[in-house]
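Observations on the model geometry
As a plain string of letters, each chain reads:
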Amino acid sequence: MIKCSEKRSKIMRAVKSKDTSPEMIVRKLIFSLGYRYRLHYKNLPGKPDIVFPTRKKVVFVHGCFWHSHTCKRGDRIPKVNRDYWIRKIQSNAIRDKKNVKSLEENGWKVMVIWECEIKEIENIKNKLITFLDE
């Protein structure tokens, strides 16, 4: 029988940092709209998920839990090891703000799409078109 902490560790190791389901949905949507992009530029702060170099625009697709969104899913904290998770999620949010600020200071426009927004694909589509064509 697997202990709770071992089970949790196994789950957390399986969490991907790129090519996540929400990211793949957004990428397919952008491609279907006729836009072309690059992925995970290592030389940009935060290694944005989707990069439009000629437009100088980036899109981050954030998981609600990991990046401290205010929605129901992002507002929860595990009951075990709470202090660790609070620090971890807060540091992610601080790092995200720092990366966005750095990108904007260097002339990049930034859009964040939250995991919970994926359900409303038509809204995302309209936001993306507005963002990319402005």
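Residues numbered from 1 in each chain as written. Predicted model: local features only at pLDDT ≥ 70, side-chain atom pairs only at ≥ 80, totals over all residues. Heavy atoms only, no water.

Here we take up the packing of aromatic side chains. Within the structure shown, the criterion is met by 5 aromatic pairs. Measuring from ring centre to ring centre gives 6.2 Å for Y37 and F52, while their planes differ by 70 degrees; the resulting arrangement is edge-to-face. Taken as a pair, Y37 in the loop between α2 (21-32) and β1 (38-39) and F52 in strand β2 (residues 50-52) lie far apart in primary sequence, 15 residues in all. Summarising the burial analysis for this pair, Y37 and F52 share the class buried. Measuring from ring centre to ring centre gives 5.1 Å for F65 and W66, while their planes differ by 80 degrees; the resulting arrangement is edge-to-face. Taken together, the ring pairs connect F65, W66, Y84 and W85 into an aromatic cluster. Sitting over the ring of F31, R36 keeps its end group 3.6 Å from the ring centre. If you follow K57 out to its NZ or CZ, it ends over the ring of F131, 5.2 Å from the centre. (Phe/Tyr/Trp six-rings, centres within 6.5 Å; stacked < 30°, edge-to-face > 60°. Helix = DSSP H or I, 4+ residues; strand = E, 2+ residues; numbered from the N terminus. Buried < 20%, exposed > 50% of the residue type's maximum accessible area, 1.4 Å probe, protein only. Lys NZ or Arg CZ within 6 Å of the ring centre and 35° of its normal.)

A few words on the confidence of the model for the protein chain. Predicted confidence across the protein chain gives a mean pLDDT of 88, with 88% of residues reaching 70 or more. The secondary-structure element of the protein chain with the lowest mean pLDDT is helix α1 (residues 4-13), recorded at 62, while β2 shows the highest, at 98. (pLDDT = per-residue confidence, 0-100.)

It is worth spelling out the environment of Y37 at this point. For Y37, a relative accessible area of 17% corresponds to the buried category. For the pair Y37 and D49, spaced 12 residues apart in the sequence, the C-alpha separation amounts to 9.9 Å. Setting aside residues up to four positions removed in sequence, Y37 forms contacts with R27, I30, F31, I50, V51 and F52. Of note is the side chain of Y37, whose polar atom sits 3.3 Å from the backbone oxygen of R27. (Contact = heavy atoms within 4.5 Å. Polar contact = N/O pair within 3.5 Å; in protein donor to acceptor, adjacent residues only side chain to side chain.)

As summarised here, the arrangement of the 4 strands in space is β1-β2-β3-β4, forming an open sheet in which the pairing is mixed. With partners counted over all chains shown, the strands left at the sheet margins are β1 and β4 (109-114), one partner each. Relative to strand β3 (residues 57-62), β2 is paired through 3 bridges, and the arrangement is antiparallel. Looking at the pairing, V51 lines up with V58 of β3. Lying over the sheet, α2 contacts β1, β2, β3 and β4, oriented at roughly 30 degrees with respect to β2. Packing of helix α4 (residues 121-133) onto the sheet brings it into contact with β2, β3 and β4, and relative to β4 it is tilted by some 175 degrees. (Pairing = 2+ DSSP bridges. Axes fitted to C-alpha atoms, helices over the stretch in contact; angles between N-to-C directions.)

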